[in-house]
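Okay, here's what each chain looks like letter by letter:
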Amino acid sequence: MCNLLQIIVAVTVVTSVSSGSAVHESNSAFSCCDLTVNYLHDLSCENIWNSSEMNIAIFFGNTKSCKSPCKEIAHDRLILDRCVNVTVATVCAAKGVIKETWMSFHGQTCRLGFISGKPTGNRSSVVLLLLAFVAGRLLRFIS
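A brief report on the enclosed structure follows. From a predicted model like this one, the values you see are computed outputs, not experimental measurements.

1. Overview of the overall build of the chain
(1) Moving on: Secondary structure assignment for the chain yields two helices and 11 strands.
(2) Moving on: For the chain, the α and β elements follow one another from N to C terminus as α-β-β-β-β-β-β-β-β-β-β-β-α.
(3) Moving on: Summarising the internal contacts of the chain: among those between residues at least 6 apart in sequence, 51% fall at separations of at least 24.
(4) Moving on: Carbon together with sulfur atoms contributes 61% to the accessible area of the chain, which is approximately 10,400 Å² in total.

In structure tokens:
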């Protein structure tokens, strides 16, 4: 049994090396404020999106499939229904060569404060500026 496993692994490695199918990986971030992941899909390739090791979307030619946390998929973006990390695997085959690219997108929390769904701005900056102004007036008064 062990020898069979070693043979399968060896054949897989040799096949990958001989076909030149190296996987290219990269990372990016997206804002959880709008839940949109910008990615230009190659329509001649198979694009498979996953989150937490579960397929959530497929985009290949005219075929589109999307399930939660995927809300909508288009040729240039993926819209989510909640903030989760996602990865797209793009697999292209041309002239016997398979090219695979993995792009991971990490959700970044919103920096805006919200009250009733409306942005409140950055209150801490206003408070700091006010404190600096008051401290300056106090130092001038003491001198």
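2. What to know about a nonpolar patch on the surface
(1) Moving on: The grouping of Phe-133, Val-134, Leu-138, Phe-141 and Ile-142 at the surface amounts to a nonpolar patch, some 590 Å² of accessible area in total.
(2) Moving on: For Val-134, the position within the fold is in helix α2 (residues 123-142).

3. Let's talk about the side chain of Thr-36
(1) Moving on: By the secondary structure assignment, Thr-36 is in strand β2 (residues 36-38).
(2) Moving on: The exposure class assigned to Thr-36 is buried, which follows from its relative accessible area of 16%.
(3) Moving on: Aside from chain neighbours lying at most four places away, what touches Thr-36 is Phe-30, Ser-31, Arg-77, Leu-78 and Ile-79.

4. Comments concerning the packing of aromatic side chains
The description of an aromatic ring pair uses the distance of the two centres, along with the angle that the planes make with each other.
(1) Moving on: Under the counting rule described, the total for this entry stands at three aromatic pairs.
(2) Moving on: Judged by centre distance (5.7 Å) and plane angle (85°), the ring pair of Tyr-39 and Trp-49 falls under edge-to-face. With Tyr-39 in the loop between β2 and β3 (46-51) and Trp-49 in strand β3, this residue pair connects regions lying 10 residues apart in the sequence. Taken as a pair, Tyr-39 and Trp-49 share a single burial class, namely buried.
(3) Moving on: An aromatic cluster of at least three residues, connected via ring pairs, comprises Tyr-39, Trp-49 and Phe-105.

Criteria and thresholds
- Residues numbered from 1 in each chain as written.
- Predicted model: local features only at pLDDT ≥ 70, side-chain atom pairs only at ≥ 80, totals over all residues.
- Heavy atoms only, no water.
- Helix = DSSP H or I, 4+ residues; strand = E, 2+ residues; numbered from the N terminus.
- Contact = heavy atoms within 4.5 Å.
- Areas by Shrake-Rupley, 256 points an atom, 1.4 Å probe, with all protein chains shown as cover.
- Patch = residues over 30% accessible without salt bridge, like charges linked within 9 Å, V, L, I, M, F, W, Y side chains within 5 Å.
- Salt bridge = Lys/Arg side-chain N within 4 Å of Asp/Glu carboxyl O.
- Buried < 20%, exposed > 50% of the residue type's maximum accessible area, 1.4 Å probe, protein only.
- Phe/Tyr/Trp six-rings, centres within 6.5 Å; stacked < 30°, edge-to-face > 60°.

Don't take any of this as a statement about function, it's just geometry.
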